[in-house]
Amino acid sequence: KRAGFRRIQMVTKRVPLSSWPGDKKSRTVGTLMQANISECLEAFAAKPLVALGMTAEQRHEMVSRARESLLDSSIRRYVNCHFYMGQKVQGTGVSI
């Protein structure tokens, strides 16, 4: 609101994490989400796995197995994504 938006809404959608959905749009989104998670997986896992005392080799092996699991389209994975939308009011708020 401080940035000059009004009618702000938050929508939560369940987004697939692979190419298993039947409809083309969901399959495309799922494929892109799968690629995104796969690309970021090692960075997301690094600190928690180091805190558990895992060696670099153990971490690499666990991340590799997680990536393989992401490719299994028989597993129906979802993630809840939160989308925020608002209407910008001209001439008010802080410029972004």
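To keep things clear, this report deals only with the structure shown in the data block.

The rules behind the values
Residues numbered from 1 in each chain as written. Predicted model: local features only at pLDDT ≥ 70, side-chain atom pairs only at ≥ 80, totals over all residues. Heavy atoms only, no water. Helix = DSSP H or I, 4+ residues; strand = E, 2+ residues; numbered from the N terminus. Buried < 20%, exposed > 50% of the residue type's maximum accessible area, 1.4 Å probe, protein only. Expected span 1.5 Å × (residues − 1). Bend = angle between axes of the 7 residues up to and from the residue. Contact = heavy atoms within 4.5 Å. Phe/Tyr/Trp six-rings, centres within 6.5 Å; stacked < 30°, edge-to-face > 60°. Lys NZ or Arg CZ within 6 Å of the ring centre and 35° of its normal.

### Looking at the environment of Thr 28
With respect to the helices, strands and loops of the structure, Thr 28 is situated in helix α1 (residues 24-51). Given a relative accessible area of 40%, Thr 28 falls into the partly exposed group. Sequence-wise, Thr 28 and Pro 16 are twelve residues apart; in three dimensions their C-alpha atoms are separated by 9.4 Å.

### Observations regarding α1
Its 28 residues give α1 an end-to-end C-alpha distance of 40 Å, which sits within 8% of 40 Å, the value for a rise of 1.5 Å per residue. Of all the bends in α1, the largest measures some 50 degrees and sits at Cys 40. Residues Gly 30, Met 33, Gln 34, Leu 41, Ala 45 and Leu 49 constitute the buried set of α1. Check the buried side of α1 and you find it contacts β1 (5-16), α2 (56-70) and β2 (78-88). Looking one or two places after α1, you find Gly 53, whose phi comes out positive at around 85 degrees.

### Digging into the packing of aromatic side chains
Going through the model one piece at a time under the given rule, you end up with one aromatic pair. Where Trp 20 meets Tyr 78, the ring centres are 5.4 Å apart and the plane angle is 85 degrees; that geometry is what we call edge-to-face. A residue pair is termed long-range when its members are at least 10 positions apart, and Trp 20 in the loop between β1 and α1 and Tyr 78 in strand β2 qualify at 58 residues. Between Arg 14 and the ring centre of Tyr 78, over which it is positioned, the NZ or CZ distance is 3.8 Å. The aromatic ring of Phe 5 is capped on one face by Lys 88, whose charged end is 5.0 Å from the ring centroid.

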